[in-house]
Amino acid sequence: MHNSSQQTNWYTKAGNINSEVREWKNEGSKRYMCTGRPGWLTVSLRVGKYKKIHKNIMINLMDVLEVDSERQVVRVEPLVTMGQLTAHLNPMGWTIPVVPELDDLTVGGLIMGTGIESSSHIYGLFQHTCVAYELVLADGSLVRCSPTENSDLFYAVPWSCGTLGFLVAAEIKMIPAKKYVKIHYEPVRGLRKICEKFTEESKKKENSFVEGLVYSLEEAVIMTGVLTDEAEQSKDIIPFGNNPIFRYLFGWMVPPKISLLKLTQGEAIRKLYEQHHVVQDMLVPMKSLEKSIQTFHVDLNVYPLWLCPFILPNNPGMVHPKGDEAELYVDIGAYGEPKRKQFEARASMRQMEKFVRSVHGFQMLYADCYMTREEFWDMFDGSLYHKLREQMNCKDAFPEVYDKICKAARH
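The shown structure was predicted, so the numbers you read here are calculated from the model rather than taken from an experiment.

Cut-offs and rules
Residues numbered from 1 in each chain as written. Predicted model: local features only at pLDDT ≥ 70, side-chain atom pairs only at ≥ 80, totals over all residues. Heavy atoms only, no water. Pairing = 2+ DSSP bridges. Helix = DSSP H or I, 4+ residues; strand = E, 2+ residues; numbered from the N terminus. Axes fitted to C-alpha atoms, helices over the stretch in contact; angles between N-to-C directions. Contact = heavy atoms within 4.5 Å. Phe/Tyr/Trp six-rings, centres within 6.5 Å; stacked < 30°, edge-to-face > 60°. Buried < 20%, exposed > 50% of the residue type's maximum accessible area, 1.4 Å probe, protein only. Core = buried A, V, L, I, M, F, W, Y, C linked by side-chain atoms within 4.5 Å. Expected span 1.5 Å × (residues − 1). Polar contact = N/O pair within 3.5 Å; in protein donor to acceptor, adjacent residues only side chain to side chain. Salt bridge = Lys/Arg side-chain N within 4 Å of Asp/Glu carboxyl O.

Draft legend 1. View of the sheet that holds strand β11 (residues 209–214). Overall, antiparallel pairing links the seven strands, which are arranged β10-β12-β11-β14-β15-β13-β16 in an open sheet. On the outer flanks of this sheet lie β10 (180–189) and β16 (362–363), each paired with one strand and no other. Of the strand pairs in this sheet, strand β13 (residues 278–285) and β16 are connected by two bridges, and their pairing is antiparallel. Considered in β16, the bridge of Leu283 is made with Phe362.

Structural data, given as structure tokens:
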């Protein structure tokens, strides 16, 4: 399904970005560029300081451009959200393979940062479901990249946080949608058994979804789901909560939007959060899961921990396995108040980051990052990224990714 008027409109908007970049060049390229999207709208709990000092380029790109049923690909603009995209595709019988569950997450954020969901043991991270990107580069040119066209750029874009160019469109794989998910909950006791069972279920491709909640070193629930068009009438069907009665009676229980919290948060509250609240996702090899949970327990003692498995292909770029083959990894998410007695945000998180580097793991970049530049590039493979920054003259146009995500760059 191709909308020619939308395509024409897209070219106009991409042309506007090109004009703004050329204007920046004519002004003497005196400061770095960044998108003009307000910092409080991002899903990171922090606001980037760089928005105030860099040249803001307005990216008003928020449309679904094309649904290609033959190729099973949807082409979208970067500010399309997960809620918007699924609402557009589901009535046509389609969905995308990895749907990170916060409705406000944007395609651009999930590509330039990263995204994961409980189907990632089959499909990988959000970036691995994308087949092409289109970007406006530092010289104002519009470039398309894919695994077969400008492939170095295609593999360097994910995790680059907008420091190689401005994303203006992405093509994402589609898969057939089904009406229901049949979920199985399995309580497991004992850390070794938890890790063994979780690994076993994560390797099963017949599971459409796999995730786990770890409540202590001894207790967890492992959840597996299968897509189906038929619901067993004898079983409970969990209704969708988005109706007026639910919102009126129980809306107060629903978590507020992160953007609202950031917009209304004062300095004192922000500092309290920083010292007494942890929001982190660490991606580690599945073979290191048991050791990782023990480390989380000692350094943070935050429960429950969220476990989400994903396959990590051996592609070029910032994030890939240590060996020559794809490897099963797991995202360990810690969100809450650390119960460790001597918890001190900087020291405790640096200890955690050191452990993650030692097992060849990765830290999601939306979270507080206390690493030095050297430690950061020890965790991430910067070889392709730095080569392209040099080739495409990015050094005067965009900051290095570390300078956008490190603790000093956010407040």
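Draft legend 2. Just the sheet that holds strand β7 (residues 142–145), in detail. The strand order across the open sheet formed by five strands is β3-β4-β8-β6-β7, and the pairing between neighbours is antiparallel. The open sheet has two free edges, formed respectively by β3 (64–68) and β7, since each of these has just one partner strand. Pairs of neighbouring strands in the sheet enclose a mean axial angle of 15 degrees, with direction left out of account. Pairing of β3 with strand β4 (residues 73–76) involves four bridges; the strand directions are antiparallel. Note that in β4 the partner of Glu66 across the bridge is Arg75. Of the strands in this sheet, β3, β4 and β8 (166–173) touch helix α2 (residues 82–89), which is tilted by about 40 degrees from β3.

Draft legend 3. Spotlight on the packing of aromatic side chains. Under the counting rule described, the total for this entry stands at twelve aromatic pairs. Note on Phe310 and Tyr329: the rings are 5.7 Å apart at their centroids and 45 degrees apart in plane angle, and the pair reads as tilted. With Phe310 in strand β14 (residues 305–312) and Tyr329 in strand β15 (residues 327–336), the pair connects residues that are 19 residues apart, well separated along the chain. The buried category is assigned to Phe310, whose relative accessible area is 1%. With a relative accessible area of 0%, Tyr329 lands in the buried category. Taken together, a centroid distance of 4.9 Å and an interplanar angle of 85 degrees make the contact between Phe376 and Trp377 edge-to-face. Accessibility classification places Phe376 together with Trp377 in one group, the buried group. Here the aromatic residues Trp159, Phe310, Tyr329, Phe362, Phe376, Trp377, Phe380, Tyr385 and Tyr402 are joined through ring pairs into a cluster of three or more.

Draft legend 4. Geometry of the nonpolar core. Ranked by size, the top nonpolar core spans 110 residues in total, and within it Val74, Leu85, Tyr133, Phe376 and Phe380 carry the most contacts. Ignoring sequence-local partners within four residues, the contact set of Phe376 consists of Met318, Leu365, Cys369, Met371, Val401, Tyr402 and Ile405.

Draft legend 5. Highlighting helix α11 (residues 345–358). Counted at 1.5 Å a residue, the expected span for α11 with its 14 residues is 20 Å, and the 20 Å between its end C-alpha atoms agrees. Burial in α11 covers these residues: Ala345, Ser348, Met349, Met352, Glu353, Phe355, Val356 and Arg357. Just past α11, the residue His360 takes up positive phi, approximately 60 degrees.

Draft legend 6. Highlighting unusual backbone geometry. Following Tyr303, the chain continues into Pro304 via a peptide bond in cis, with omega recorded as -5 degrees. Among the structural elements, Pro304 can be located in the loop between α10 (289–299) and β14. Positive phi, normally seen in glycine, also occurs at Trp159, with a value near 75 degrees. As for its placement among the helices and strands, Trp159 is situated in the loop between α5 (151–156) and β8. For Asn301, which is not glycine, the phi dihedral falls at a positive 55 degrees. A residue is classified by how much of its surface remains accessible, and Asn301, at 21% relative accessible area, is partly exposed.

Draft legend 7. Examining the environment of Thr86 more closely. Turning to its location among the elements, Thr86 is positioned in helix α2. Judged by its relative accessible area of 17%, Thr86 falls in the buried class. With 17 residues separating them in the primary sequence, Thr86 and Asp103 have C-alpha atoms 9.1 Å apart. Excluding its chain neighbours within four sequence positions, the residues that come into contact with Thr86 are Pro91, Thr95 and Val99. Engagement of the side chain of Thr86 in a polar contact is seen with the backbone oxygen of Met82, the distance being 2.8 Å. Looking at Thr86, its side chain comes within polar contact range of the main-chain oxygen of Gly83, at 3.2 Å.

Draft legend 8. How the structure looks around the environment of Pro97. Among the structural elements, Pro97 can be located in the loop between β5 (94–95) and α3 (107–112). Through-space distance from the C-alpha of Pro97 to that of Ile172 is 8.9 Å; in sequence the pair is 75 residues apart. With residues up to four places along the chain from it excluded, the contact list for Pro97 reads Ser119, Tyr123, Thr129, Lys173 and Ile175.

Draft legend 9. Layout of the pairing of β7. The alternating pattern of β7 places Val143 and Cys145 on a buried face, while none of Leu142 and Arg144, on the opposite face, is buried. Relative to β7, strand β6 (residues 130–136) runs antiparallel, the two sharing four bridges. By the bridge assignment, Val136 is partnered in β7 with Leu142. Here β6 folds back onto β7 in antiparallel fashion, the turn holding five residues, of which Gly140 has a positive phi close to 90 degrees.

Draft legend 10. How the structure looks around the pattern of salt bridges. By the definition in use, this model includes 24 salt bridges. The salt bridge involving Lys13 is made with Glu77; its shortest N-O contact spans 3.2 Å. Residue Lys13 is found in helix α1 (residues 4–26), and its partner Glu77 is found in the loop between β4 and α2; the two are separated by 64 residues along the sequence. Comparing Lys13 with Glu77, the two get one shared label, buried. Taken together, the shared-partner salt bridges in this structure form one network comprising Asp68, Arg71, Arg144, Glu149 and Glu171.

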